[in-house]
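Understanding the architecture of this molecule
Listed here are the chains, written in short residue letters.
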Amino acid sequence: MKKIFFISIIVSILSVVGILSSCSNMNDMHDKYLRDGETTYVGRVDSVLYSAGRERVKIHYWVTDPRVKELRLLWNQKRDSLVVPVPEHQPLDALEVIIGDGKGVIAEGNHNFFFFSHDNRGHRSVVFETLINVYGQQYQDRILSRSVIETQVADNDVTVVFSGASSNEEVGIEMTYTNLDNKTITAFFPDAGTEIKLQNVDFSKGLSFQTLYLPEPTAIDTFRTTAERIPIVQITNVAQGKPVTCSDILTPTEPTQQPQNAVDGNTAYTSGRWVSTANGEHWLEIDLLGEYTVSSFKTWNGQGSGYGNPIARMKLQVWNDGAWLDVHEVTGNTDPLYGASFEPITTTRIRLYCYNQTRLFELAVYSIIRY
């Protein structure tokens, strides 16, 4: 019985020793933290929004803790970093910083960004982490330009017909041209459809376009395709308004019968016209005031009482190597609006040669000009 009693005492003593030992170990752990000091954290970034760019990014962030004096950002697997001063601000104010401007660029791709807030006493926040996209040459290489289906030219106006957009990231088309006042115009057509009309264009100075893209709706940089020249084919009446002479006039003193009426651009039957004498052969000659490659012509002459009959037999001639060259001839014509095409030829003068009395309202000679 005494033996059992002594064993109980021994067990109790060992238990007390164990408890005391445990308390000593716990105190040792607390002493360690007391020696290092208590860890103090400042408020981390509350939220982050970003606007992607070309090898850069604009970051909007919110910090409500007034103790925060700077923000440290890390990316590229924490190999790149930036320290941003945090100015005095209202708690709900958005702050912003652009990374990639001026000092280096950010490689294209998806990046994990780590944000740490710091006060001016060496304390920092826990990390705020977010994924940010950055765009560059790879994105540039895969955007597609619109295709030009056709161009429709009327005087100095042009309508360009495009194919449809290939991506919902396309934001429009930018057109560059020179107007008739010799001013370079750059016009942006957002959400462009398939037709764009431009007015008062000097086609000789060229016309080009670019297709514009935003990789994300809030992106700060617009990507554009390489500028493409739009080929313009203009069919021009090179005879209009040019100096003109003729073989004869029915009534030389009558203003409505003069040869210049045949190149004034007015084809109305009741307007002035060139009227030849009644008998023999007659001709109307136009000085083009320069070299033009011509390939078609058209005549307008009245038919019926007071207007005369269609030009039954006529030929169009061009000045070539010091002599008149026939490029088209018709016999037995009954059409008061006669026209024809011929092989393109370069000339400086045109002559319409007729074999019966002629009442010519208008003669147009067309040159196809490619810009």
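To be clear, the structure that these remarks concern was listed above.
As a starting point, this report considers the structure included with it. (Residues numbered from 1 in each chain as written. Predicted model: local features only at pLDDT ≥ 70, side-chain atom pairs only at ≥ 80, totals over all residues. Heavy atoms only, no water.)

Some points on the overall build of the chain
Basically, it comes down to this: We count a stretch as a helix when DSSP gives it H or I for four or more residues in a row; a strand needs E for two or more, and each element gets its number in order from the N terminus. Relative accessibility under 20% of the residue-type maximum defines a buried residue, over 50% an exposed one, and the middle range a partly exposed one, all with a 1.4 Å probe and only protein chains included. We call two residues contacting when some pair of their heavy atoms lies within 4.5 Å. Accessible areas in this description were obtained via Shrake-Rupley with a 1.4 Å probe; residue shielding takes into account the shown protein chains only.
A count of helices and strands for the chain gives two helices and 24 strands. Sorting the 371 residues of the chain into buried and exposed places 39% on the buried side. Nonlocal contacts in the chain, meaning residues at least 24 apart in sequence, comprise 66% of its contacts between residues at least 6 apart. Of the roughly 21,000 Å² of accessible surface on the chain, 51% is carried by carbon and sulfur atoms.

Thoughts on the pairing of strand β24 (residues 362-370)
Heads up, the condition is: Strand pairing is defined by DSSP finding a minimum of two bridges between the two strands.
The pairing of strand β16 (residues 233-237) with β24 spans five bridges and is antiparallel. Looking across to β24, one finds that T236 is bridged to S367. Looking at chain direction, strand β19 (residues 282-300) and β24 are connected through six bridges and run antiparallel. Each bridged residue has a counterpart across the sheet, and for F297 the counterpart in β24 is V365.

Digging into the pattern of salt bridges
Put simply, the rule is: By definition, a salt bridge exists where a carboxyl oxygen of Asp or Glu is found within 4 Å of a side-chain nitrogen of Lys or Arg.
One pass over the structure, following the stated rule, counts eleven salt bridges. Residue R56 is joined to D221 by a salt bridge in which the shortest nitrogen-to-oxygen separation is 2.7 Å. Linking R56 in the loop between β1 (47-52) and β2 (57-62) with D221 in the loop between β13 (207-213) and β14 (223-224), this pair joins segments that are 165 residues apart in sequence. Both residues of the pair, R56 and D221, count as buried. One salt bridge in this structure joins R67 and D65, with 2.8 Å as the shortest N-O distance. With a relative accessible area of 41%, R67 lands in the partly exposed category.

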